[in-house]
Amino acid sequence: MKFFETNFDGLVGPTHNYAGLSVGNVASLNNANDISNPKAAAKQGLAKMKALHDMGLKQGVLAPQERPDLNALRRLGFSGSDASVLEQAAKQSPAVLRAVYSASSMWTANAATVSPSGDTADNKVHFTPANLTNKFHRSLEPETSGRILKAMFNNEQHFAHHTHLPDNDHFGDEGAANHTRFCSDYGSNGVEMFVYGRHAFDSSKPAPVKFPARHTYEACEAVARLHKLNESNTVYVQQNPDVIDQGVFHNDVISVGNQNVLFYHEQAFLNTEQKLAELGNKYEAATGKSMHFVKVPTAQVSVDDAIRTYLFNTQLVDIGNGQMAIIAPMECSENPNVSAYLDKLVTLGTPIQKVHYFDVKQSMRNGGGPACLRLRVALSEQELAATNQNVLMSDKLFGELNHWVDRNYRDEINESDLRDPQLVIESRQALDELTQILQLGSVYPFQIC
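A look at the overall build of the protein chain
- From N to C terminus, the protein chain includes 18 helices and 15 strands.
- Over its C-alpha atoms the protein chain spans a radius of gyration of 21 Å, differing by no more than 12% from the 22 Å that the globule rule assigns to 449 residues.
- Along the first, second and third principal axes, the C-alpha atoms of the protein chain reach 60 × 45 × 45 Å.
- Relative to its full complement of 449 residues, the protein chain shows a buried share of 61%.

Looking at unusual backbone geometry
- For the peptide bond that leads from arginine 67 to proline 68, omega is 5°, which places it in the cis range.
- Within the fold, proline 68 resides in the loop between strand 2 (58-62) and helix 3 (70-75).
- Backbone geometry at asparagine 321 places phi at a positive 60°, although glycine is not the residue there.
- Turning to its location among the elements, asparagine 321 is positioned in the loop between strand 12 (315-320) and strand 13 (323-329).
- Look at asparagine 321 and you get exposed, because its relative accessible area is 82%.

A look at the sheet that holds strand 7 (residues 191-196)
- Strand order across the open sheet formed by 3 strands is 6-7-8, with mixed pairing between neighbours. The outermost strands of the open sheet, each flanked by one partner alone, are strand 6 (179-182) and strand 8 (234-238). When the angles between neighbouring strand axes are averaged without regard to direction, this sheet yields 20°.
- Against the sheet, helix 8 (residues 217-226) engages strand 7 and strand 8, with an angle of about 155° to strand 7.

Thoughts on the layout of surface pockets
- Here the largest pocket defines a volume of roughly 570 Å³.
- Along the wall of the largest pocket there are 24 residues; nearest its centre are Asp69, Ala72, Arg75, Leu140 and Glu143.
- For the lining of the largest pocket, the secondary-structure elements that each account for two or more residues are helix 3, helix 6 (136-139), helix 7 (142-152) and helix 18 (445-448).
- Its residues assigned to classes, the lining of the largest pocket shows 10 nonpolar, 6 polar and 8 charged.

Some words on the packing of aromatic side chains
- Under the counting rule described, the total for this entry stands at 13 aromatic pairs.
- For the pair tryptophan 404 and tyrosine 409, a centre-to-centre distance of 5.2 Å together with 70° between the ring planes defines the contact as edge-to-face.
- We classify tryptophan 404 as buried; its relative accessible area is 0%.
- By relative accessible area, which is 5% here, tyrosine 409 ends up buried.
- Feature note: the residues Phe8, Phe127, Phe153 and Phe159 constitute an aromatic cluster, connected by ring pairs.

Here we look at the side chain of glutamine 44
- Mapped onto the fold, glutamine 44 is located in helix 2 (residues 38-54).
- Sequence-distant contacts of glutamine 44, defined by excluding residues within four places in its chain, comprise Asp359, Val360, Lys361 and Gln362.

Overview of the environment of asparagine 230
- Here asparagine 230 shows up in the loop between helix 8 and strand 8.
- For the pair formed by asparagine 230 and alanine 121, sequence separation is 109 residues and the distance between their alpha carbons is 7.8 Å.

Observations regarding the pairing of strand 11 (residues 292-296)
- Bridge count between strand 10 (residues 261-265) and strand 11: 5 bridges; the pairing is parallel. The residue bridging tyrosine 264 from the neighbouring strand is lysine 295, located in strand 11.
- Note that the unit made of strand 10, helix 10 (residues 272-287) and strand 11 has a crossover that is right-handed.

Here's the deal with the sheet that holds strand 5 (residues 159-161)
- If you walk across this open sheet you meet the 3 strands as 3-4-5, and the pairing is mixed. Whereas interior strands pair on both sides, the edge strands pair on one side only; in this sheet they are strand 3 (112-115) and strand 5. Ignoring which end each strand starts from, the neighbouring axes of this sheet average 15° apart.
- Strands in contact with helix 7 are strand 3, strand 4 (125-129) and strand 5; relative to strand 4, the strand with the most contacts, it is inclined by about 155°.

Observations concerning the packing of helix 16 (residues 395-408) against helix 17 (residues 421-438)
- Contact pair helix 16 / helix 17: the axes reach a minimum separation of 10 Å and the direction vectors enclose 170°. Classified by the angle their axes make, helix 16 and helix 17 are roughly antiparallel. Taken together, the residues of helix 17 that come into contact with helix 16 (itself represented by Leu397, Glu400, Leu401, Trp404, Arg407 and Asn408) are Gln429, Ala430, Glu433, Leu434, Ile437 and Leu438.
- Here the contact of helix 16 with helix 17 is composed, by residue class, of 7 nonpolar, 2 polar and 3 charged.

Examining helix 17
- Helix length check: helix 17, at 18 residues, gives a terminal C-alpha distance of 26 Å against a target of 26 Å (1.5 Å per residue), a fit within 8%.
- Those residues of helix 17 that fall on the buried side of the exposure criterion are Leu423, Val424, Glu426, Ser427, Ala430, Leu431, Leu434, Thr435, Ile437 and Leu438. The arc that holds every buried residue of helix 17, seen down its axis, measures 165°, which confines them to one face.
- Those residues of helix 17 that are buried lie in contact with helix 3, helix 4 (82-92), helix 16 and helix 18.
- The N-capping residue of helix 17, defined by a side-chain oxygen 2.9 Å from the backbone nitrogen of glutamine 422, is aspartate 420.
- Of the residues flanking the end of helix 17, it is glutamine 439, one or two places downstream, whose phi is positive at about 50°.

Some points on the environment of threonine 133
- Its location among the elements puts threonine 133 in the loop between strand 4 and helix 6.
- Taking the C-alpha atoms as reference points, threonine 133 and glycine 441, separated by 308 residues in sequence, lie 27 Å from one another.
- Apart from the residues within four sequence positions on either side, threonine 133 is in contact with Ser139, Pro166, Asp167, Asn168, Asp169, Gly172 and Glu174.

Cut-offs and rules
- Residues numbered from 1 in each chain as written.
- Predicted model: local features only at pLDDT ≥ 70, side-chain atom pairs only at ≥ 80, totals over all residues.
- Heavy atoms only, no water.
- Helix = DSSP H or I, 4+ residues; strand = E, 2+ residues; numbered from the N terminus.
- Rg over C-alpha atoms; globule rule 2.2 N^0.38 Å.
- Buried < 20%, exposed > 50% of the residue type's maximum accessible area, 1.4 Å probe, protein only.
- Pairing = 2+ DSSP bridges.
- Axes fitted to C-alpha atoms, helices over the stretch in contact; angles between N-to-C directions.
- Contact = heavy atoms within 4.5 Å.
- 1 Å grid on protein atoms, 1.4 Å probe; cavity = no way out; pocket = protein on both sides within 12 Å on 5 of 7 lines; lining within 4 Å.
- Points joined across faces, edges and corners; volume = space filled by probe spheres on them.
- Nonpolar A, V, L, I, M, F, W, Y, C, P; charged D, E, K, R; others polar.
- Phe/Tyr/Trp six-rings, centres within 6.5 Å; stacked < 30°, edge-to-face > 60°.
- Right-handed = clockwise from strand over helix to strand, strands pointing away.
- Parallel < 35°, antiparallel > 145°, perpendicular 65-115°, else oblique.
- Expected span 1.5 Å × (residues − 1).
- Arc of directions from axis to C-beta.
- Polar contact = N/O pair within 3.5 Å; in protein donor to acceptor, adjacent residues only side chain to side chain.

Set out below in structure tokens:
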């Protein structure tokens, strides 16, 4: 039986805007209040999906959230018609209004943590939506994320779905942005690396002081239990608090892994030597093979350059014959230090042999690169066949979704547009049509109420 890693990229929602909501995310804050282009953003994302599909990779689509979240505004005391709720929020609490309009679900690396059947005790693929408790605008996502994932992977024989962890900062869970799986091939038993920023129940342990550590050790342990993982195939690694304070808000901004390769910055982790030794030993025990650790020295690429270009928020993908390619944003090619490093990297004899650059500037300016845009799901042939086929990329779906964007998305959105009731109507019409294209059923609050 064949096994694949399928990347499910988030469709950029019709209310994509730059509100600067994410403290600790340098790009998000630097571009706050700029005019966004939802149509261009969605098309950039679709072009990347299609390109990876054309490279022979398995590629899927994950639908966006309903925005604005008017139910959240009503829970906060705004009342009346939709138009009245928007107007009250715009006048009394514009920051909250910006938050409930956020299209941040495009970054599906935060949608959930996924463990493939090769690792789990019941041989099912397990999904746990991330609770994203650290940011209000993202904490609105997990229930709808869970419904969408169940509509995509709706077969109890193959898939197990869990409720997101308790909505409390002690169990702050940022999903796959802080989770990486290593394996010799996608169907075999592997090792899952959970990365956390702090210990919630032990304040004596290291933690950042400037920016929040969004993901806790306790959340990592809980997800591993839910997914029926063994101690022999799990490793818990703490992110370096110093790099969190420099703007590395998720592990996927400072390292990326795939199969037998960990590509990481030398400042990424605490107790690096000890933890990578544990990872390497567990990998060898599980697979009988050795890992490749590709360390990027600070002398060649600074943490600041890594953040500005999202060198590590790239996809590391299998291109056959034991070789891998990096899917990088154009910003990497435009930075002299990073570009020089990548030019050298492909000559070093590691499995990383190629670099492909993509324009995802609309996402980059809001703080997310190619890796943020995708959720990785390793699937067998049978599991892939049991997946909702309408969410898998094809020439037909690519054309349909581009036409859907053309019909429904605005060219520009600025802050004043967020009080426009027509934007609510447009967004709901677009999402209702999308659920029919992807055959998801009723997953949005406006469809369920």
